[in-house]
Amino acid sequence: MAGVQDQLEIKFRLSDGSDIGPKSFPAATSVSTLKESILAQWPKEKENGPRTVKDVKLISAGKILENNRTVGECRSPICDVPTTMHVVVQPPSLEKEKKMTSEPKENKCVCVIL
């Protein structure tokens, strides 16, 4: 019976309401490993998918899960089977890239000779 309790069935809910899973994971699985699994299973037809693990945020019971924690540490004591975790993808920031490329082109140097 201990082996059954060490496995957690997790379903990942995407922002459009579709799901990845449910899939069974050991309680010792890290959040980072869950994110890698999401990247591997991400539907190819969806736009704005995550590129790296850093682009993915997992939310469970209203809390953002940290990469170094395990699934067993993050689970809610009153959870239904399967546990649903919400997946948020952080979009790449194009504004920052535009600012970085445009700043060197601007010449803001002013010299005053008295």
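Computed from a predicted model, the values in this text were never measured in an experiment.

Asker: Give me the lowdown on the nonpolar core, citing residues and values where you can.
Answerer: The biggest cluster of nonpolar side chains holds 17 residues, and the ones touching the most others in it are Ile10, Phe12, Leu34, Ile38, Leu58, Met85 and Val87. At the level of elements, β1 (7-13), β2 (19-26), α2 (31-41), β3 (56-60), α3 (71-74) and β5 (83-89) are the ones that each hand at least two residues to this core. Leaving out residues up to four positions away in the same chain, Met85 has contacts with Ile10, Lys11, Phe12, Arg13, Leu34, Leu58, Ile59, Ser60 and Leu65.

Asker: Explain the pairing of β5 to me, and be specific about the residues and the numbers.
Answerer: Look at any regular strand and the pattern is simple: side chains alternate between the two faces of the sheet. Where β1 lies against β5, four bridges are found, and the strand directions are parallel. The residue of β5 that forms the bridge with Phe12 is Met85. In terms of strand pairing, β3 meets β5 through four bridges, oriented antiparallel. The partner of Lys57 across the bridge, within β5, is Val88.

Asker: Tell me about the pairing of β3, and please be specific about residues and values.
Answerer: Taking every second residue as pointing to the same face, the buried face of β3 carries Val56, Leu58 and Ser60, while none of Lys57 and Ile59 on the other face is buried. Of the pairings in the sheet, the one linking β3 to strand β4 (residues 63-64) comprises two bridges and is antiparallel in character. Each residue of the ladder has a partner; that of Ser60, found in β4, is Lys63. Hairpin connection of β3 to β4: two residues between the antiparallel strands, including Ala61 at a positive phi of 55°.

Cut-off values and rules
- Residues numbered from 1 in each chain as written.
- Predicted model: local features only at pLDDT ≥ 70, side-chain atom pairs only at ≥ 80, totals over all residues.
- Heavy atoms only, no water.
- Core = buried A, V, L, I, M, F, W, Y, C linked by side-chain atoms within 4.5 Å.
- Buried < 20%, exposed > 50% of the residue type's maximum accessible area, 1.4 Å probe, protein only.
- Helix = DSSP H or I, 4+ residues; strand = E, 2+ residues; numbered from the N terminus.
- Contact = heavy atoms within 4.5 Å.
- Pairing = 2+ DSSP bridges.

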